[in-house]
Amino acid sequence: MKRLLASLLGSAIAIGSGLVMAADADLQSLEAAARKEGQVNSVGMPDSWANWKDTWKDLESKYGLKHMDTDMSSAQELAKFKAEGENASADIGDVGAAFGPIAVQQGVSQPYKPSTWEQVPEWAKDKDGHWALAYTGTIAFIVNKQLVKDVPHSWADLLKGKYKVTIGDVSAAAQAVNGVLAASIANGGDEKNIKPGLDFFAQIAKQGRLSLTNPVINTLEKGEVEVGIVWDFNGLSYRDQIDPSRFEVLIPSDGSVISGYTTIINKYAKNPNAAKLAREYIFSDAGQTNLAKGNARPIRAEHLTLPDDVKAKLLPNEQYAKAQPIKDAKAWEETSKRLPRMWQEHVIINMQ
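Thresholds, definitions, all that
- Residues numbered from 1 in each chain as written.
- Predicted model: local features only at pLDDT ≥ 70, side-chain atom pairs only at ≥ 80, totals over all residues.
- Heavy atoms only, no water.
- Helix = DSSP H or I, 4+ residues; strand = E, 2+ residues; numbered from the N terminus.
- Buried < 20%, exposed > 50% of the residue type's maximum accessible area, 1.4 Å probe, protein only.
- Contact = heavy atoms within 4.5 Å.
- Areas by Shrake-Rupley, 256 points an atom, 1.4 Å probe, with all protein chains shown as cover.
- Lys, Arg positive; Asp, Glu negative; His and termini not counted.
- Charge placed at Lys NZ, Arg CZ, Asp CG, Glu CD.
- Expected span 1.5 Å × (residues − 1).
- Salt bridge = Lys/Arg side-chain N within 4 Å of Asp/Glu carboxyl O.
- Polar contact = N/O pair within 3.5 Å; in protein donor to acceptor, adjacent residues only side chain to side chain.
- Phe/Tyr/Trp six-rings, centres within 6.5 Å; stacked < 30°, edge-to-face > 60°.
- Lys NZ or Arg CZ within 6 Å of the ring centre and 35° of its normal.
- Pairing = 2+ DSSP bridges.
- Core = buried A, V, L, I, M, F, W, Y, C linked by side-chain atoms within 4.5 Å.

A. The overall build of the protein chain, seen in detail. Scanning the protein chain from N- to C-terminus turns up 13 helices and 11 strands. Expressed as lengths along the three principal axes of its C-alpha atoms, the size of the protein chain is roughly 80 × 50 × 40 Å. Counting all 352 residues of the protein chain, 53% fall into the buried class. For the protein chain, the share of sequence-separated contacts (at least 6 apart) that also reach a separation of at least 24 residues comes to 78%. For the protein chain, the exposed area adds up to about 16,100 Å²; of that, 52% sits on carbon and sulfur atoms. Across the protein chain, the centroid of the 40 positively charged side chains sits 2 Å from that of the 43 negatively charged ones.

Written out as structure tokens, the structure is:
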């Protein structure tokens, strides 16, 4: 019996070692193929967003991959992949969670499961590896304190203010779309019932206070945004880059939504191995830490030990008390498709 157990144990160890060796060999092959391609071209992954710049620098210094990005919204990224087809100019993109399944439906993505795949929660990934959230974001307010003296701490406060509320393009940007969902959640709605959020912004529009300007670093710096609705990681990055004393970033106390962003590897990528290696690195400890440095909560956060200075950059946990993840992804996918039209019919029509 002891001999049998020892034999079985030895076989198990050998199989386990074999799997590790095979995985290592696969990664070595991927690295070699990526080095041969020598570059990776992205869309929607600019240096200032979630600290992508450090990941691109690492990929160049470690693997010799040159990089170029064209910034665009989630919807624009998928449209570009589809329109260009085999004449693809982009290898990989970063899109809001709702756009991951849409990419699969449209047939513009290809799968790749990084070696840390098992540490990604089931709710945050496609079973076949077409998409997986690399980081999460929670809808927050960024307030220009030079222009707004009475800082809003809730959606209810926002409704009573005198300042402009800037949300961006609800027809295309995942950040703006989730801003509407967050307002809905705070006002009793959910993924199936977006009406409370539409009613909320319709009131802001009727007051002449709704701005469709994109709340990004240049519009914030110019003073074109008084209160912007942004992902927490974007707000914190913008604040730190411009002037930490000029802006306050906070999670609305009466409700918000936690979602995330996923890489999409273009089905027709000219540098598919470089794109796969980029995803591999993004899900590694180093890549996940890079995202945290950009104030984005890494999807593998519970498996990481973040440096104290990185932890200190993030908002206090208590601000997230009323923030909730998307509970019905399928319903939200359907609602997201209808939202641009509903936004036009219920909100834009009320703009003065």
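B. Summary view of helix H6 (residues 174-186). For H6, spanning 13 residues, the distance from its first C-alpha to its last is 18 Å, which sits close to the expected 18 Å at 1.5 Å a residue. Taking burial as the measure, the 13 residues of H6 include 13 buried ones, the bulk of the element.

C. Representation of the side chain of Asp 58. As for its position among the elements, Asp 58 is in helix H2 (residues 52-63). One buried charged side chain, Asp 58, makes no salt bridge at all; its nearest oppositely charged neighbour is Lys 62, positioned 5.7 Å away. Looking at Asp 58, its side chain comes within polar contact range of the side chain of Asn 290, at 3.0 Å.

D. Just the packing of aromatic side chains, in detail. Using the criterion set out here, one finds 15 aromatic pairs in the structure. Geometrically, the ring pair formed by Trp 155 and Phe 201 is edge-to-face, given 6.3 Å between the ring centres and 80° between the ring planes. A residue pair is termed long-range when its members are at least 10 positions apart, and Trp 155 in helix H5 (residues 155-160) and Phe 201 in helix H7 (residues 195-206) qualify at 46 residues. With respect to class, Trp 155 is no different from Phe 201; both count as buried. Residue placement shows Arg 209 over the ring face of Tyr 163; its charged tip is 5.2 Å from the ring centre.

E. Local environment of the pattern of salt bridges. Considering all chains together, one arrives at 14 salt bridges under this definition. Residue Lys 57 is joined to Asp 54 by a salt bridge in which the shortest nitrogen-to-oxygen separation is 3.8 Å. Taken as a pair, Lys 57 and Asp 54 lie in helix H2 at a separation of 3 residues, close to a single helical turn. Its relative accessible area of 54% is what places Lys 57 among the exposed residues. Taken together, the salt bridges that share partners define one network made up of Glu 333, Glu 334 and Lys 337.

F. Region of interest: the pairing of strand S3 (residues 92-96). Burial within S3 is extensive, with 5 of its 5 residues counted as buried. Note: strand S1 (residues 39-43) against S3, 2 bridges, orientation parallel. When the bridges of S3 are listed, Val 43 appears paired with Gly 93.

G. Spatial organisation of the environment of Lys 149. Structurally, Lys 149 can be placed in the loop between strand S4 (133-144) and H5. Polar side-chain contacts of Lys 149 include one of 3.5 Å to the backbone oxygen of Lys 145. A polar contact of 3.3 Å, which involves the side chain of Lys 149, links it to the backbone oxygen of Gln 146.

H. Molecular detail of the nonpolar core. Within the largest apolar cluster, 85 residues are counted, with the highest numbers of intra-cluster contacts made by Tyr 135, Trp 155 and Phe 201. In terms of residue count, H6 provides more of this core than any other element does, 9 residues in total. Ranked by size, the runner-up nonpolar core spans 12 residues in total, among them Ile 142, Val 225, Tyr 238 and Ile 251.

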